[in-house]
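# Descriptive structure summary
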Amino acid sequence: MRIPKKFKLNNKSWEVSVKDKKKFKKDERLMGVCYRNLHKIFINPALTRNEIEETFVHELLHACWPASLCSNKLEEKIVEKLGITLYATLKKNKKLLSR
């Protein structure tokens, strides 16, 4: 899976960074973070390629969350479960992402 540097979501331009080590200095266990108000996703560059891909899908679901109109209380649990399943599905069905 190719991790984009930029993408569009709900007519907003988003940026993705896998290079910014400073964001992860305080908590090395942190895999990624989604800043909805800034339209940015940061992914820990110390992760393996598969972890980076799975984290991107996870953070992308966080970015999409407000459009779902679902409860914020359940967000992390649902995103965690959906992210793992969606990533595994995309990984095994590469044609889903091909042009």
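The preceding data block contains the structure.
These lines cover the structure that appears in this document, whether it is placed above or below. Just so it is clear, the structure is predicted and the values come from calculations on it, not from any experiment.

### Quick notes on the packing of aromatic side chains
Here the structure, examined in full by the defined rule, presents three aromatic pairs. Between Phe7 and Phe56 the ring centres are 6.2 Å apart and the planes differ by 85°, which places this aromatic pair in the edge-to-face class. Separated by 49 residues along the polypeptide, Phe7 in strand 1 (residues 6-9) and Phe56 in helix 1 (residues 49-68) bring together distant segments of the chain. This pair shows no difference in class: Phe7 is buried, exactly as Phe56 is. For the pair Tyr35 and Phe42, a centre-to-centre distance of 5.9 Å together with 75° between the ring planes defines the contact as edge-to-face. Here Tyr35 falls in the partly exposed class, since its relative accessible area comes to 29%. On the basis of relative accessible area, Phe42 is assigned to the buried category, the value being 10%.

Reading the values: the criteria
- Residues numbered from 1 in each chain as written.
- Predicted model: local features only at pLDDT ≥ 70, side-chain atom pairs only at ≥ 80, totals over all residues.
- Heavy atoms only, no water.
- Phe/Tyr/Trp six-rings, centres within 6.5 Å; stacked < 30°, edge-to-face > 60°.
- Helix = DSSP H or I, 4+ residues; strand = E, 2+ residues; numbered from the N terminus.
- Buried < 20%, exposed > 50% of the residue type's maximum accessible area, 1.4 Å probe, protein only.

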